[in-house]
Amino acid sequence: MKRTLLLLLTMLLCTSALAQTNNLEVLWESEPGFRPAGLVLGDGNTLGNVTRWDATGDGKPDLIMTREDEEGNLRDLLIRDGATNEPFWRVEDVSTTLGLGNIFVQLWGFADVNGDGEQEALFTTETELYAFNPSSNESAFTLSRGGRGLQFLGAIDLTGDSHEEIVANPLDAGVVIVWTWTE
């Protein structure tokens, strides 16, 4: 009897607490079929002042959503400002639209690697790193290293010159290489 009374009292208190804190409303909802590719919670994907999922370059994370094909390859990309839901960049059929051919492509994130003040979208394959300017869909550069391929490790401003250096590991060399943008 005491246990039943305690259980009922607990349920009443929990129901009351849930009713008091249920002031949530939907800010916005994504399109069907897209799943989050990257979302920063706290400083989980932040190195210094570089946020991997800040596509707009405003210092706040954005919601990057992707759709894959049946084999799990990146097919479509949709980036929206996380707070306003305003679309920033949409790419249908990433490989064809960006001219990458029929290869397995993954989105790594965003970094200003050439110091122009805009974030480049960084895509990786098994052997290359591709950088694209979201405002024009134009290629900023491609890094390719022969042999067994290139493992992209990240992008961070190591030199303090306001653009990120690219850190990668050629799989057949046993070294780490840092590339920096030069004019």
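Computed from a predicted structure; not experimentally measured.

Attention now moves to the overall build of the chain. What the chain contains, in helices and strands, is 2 helices and 13 strands. Across the 183 residues in the chain, those meeting the buried criterion constitute 38%. Here the contacts in the chain between residues at least 6 apart in sequence split such that 37% fall between residues at least 24 apart. Total accessible area on the chain is roughly 11100 Å²; 53% of this is exposed by carbon and sulfur atoms.

Strands sit in the order 7-8-9-10 across an open sheet of 4 strands; the sheet is antiparallel. Only two strands of the sheet have a single neighbouring strand rather than two, namely strand 7 (106-111) and strand 10 (138-144). In this sheet, adjacent strand axes meet at a mean angle of 25° when their direction is disregarded. Taken together, the 5 bridges between strand 7 and strand 8 (residues 120-124) define a ladder with antiparallel strand orientation. By the bridge assignment for strand 8, G109 is matched with L122.

Before going further, it helps to examine the nonpolar core. Judged by nonpolar contacts, the single largest core of 18 residues is most densely connected at L77, W89, V94, L98, L107, F110 and F123. Of all elements in the fold, only strand 5 (74-80), strand 6 (87-91), strand 7, strand 8 and strand 9 (128-133) reach the threshold of two or more residues within this core. The dominant element in this core, judged by the number of residues it contributes, is strand 5, at 3 residues. Ranked by size, the runner-up nonpolar core spans 13 residues in total, among them A131, L150, I166 and A168.

With that settled, the discussion passes to unusual backbone geometry. For D93, which is not glycine, the phi dihedral falls at a positive 50°. By the secondary structure assignment, D93 is in the loop between strand 6 and helix 2 (94-97). Under the relative-accessibility criterion, D93 is labelled partly exposed at 36%. Even without being glycine, N137 reaches a positive phi, approximately 60°. Mapped onto the elements of the fold, N137 is located in the loop between strand 9 and strand 10. When its relative accessible area of 28% is taken as the criterion, N137 is described as partly exposed.

Next up on the list: the pattern of salt bridges. With the rule as written, the count across this model stands at 4 salt bridges. Among the salt bridges present, the one from D76 reaches R67, with a minimum N-O distance of 3.1 Å. Judged by its relative accessible area of 3%, D76 is buried. Of the residues examined, R67 reaches a relative accessible area of 16% and is grouped as buried. Between R67 and E92 there is a salt bridge, and its shortest N-O distance comes to 3.9 Å. Taken together, the residues R67 in strand 4 (residues 63-68) and E92 in the loop between strand 6 and helix 2 connect sequence positions 25 residues apart. Since its relative accessible area comes to 37%, E92 is described here as partly exposed. A network of salt bridges, in which partner residues are shared, links R67, R75, D76, R90 and E92.

Rules used in this analysis
Residues numbered from 1 in each chain as written. Predicted model: local features only at pLDDT ≥ 70, side-chain atom pairs only at ≥ 80, totals over all residues. Heavy atoms only, no water. Helix = DSSP H or I, 4+ residues; strand = E, 2+ residues; numbered from the N terminus. Buried < 20%, exposed > 50% of the residue type's maximum accessible area, 1.4 Å probe, protein only. Contact = heavy atoms within 4.5 Å. Areas by Shrake-Rupley, 256 points an atom, 1.4 Å probe, with all protein chains shown as cover. Pairing = 2+ DSSP bridges. Axes fitted to C-alpha atoms, helices over the stretch in contact; angles between N-to-C directions. Core = buried A, V, L, I, M, F, W, Y, C linked by side-chain atoms within 4.5 Å. Salt bridge = Lys/Arg side-chain N within 4 Å of Asp/Glu carboxyl O.

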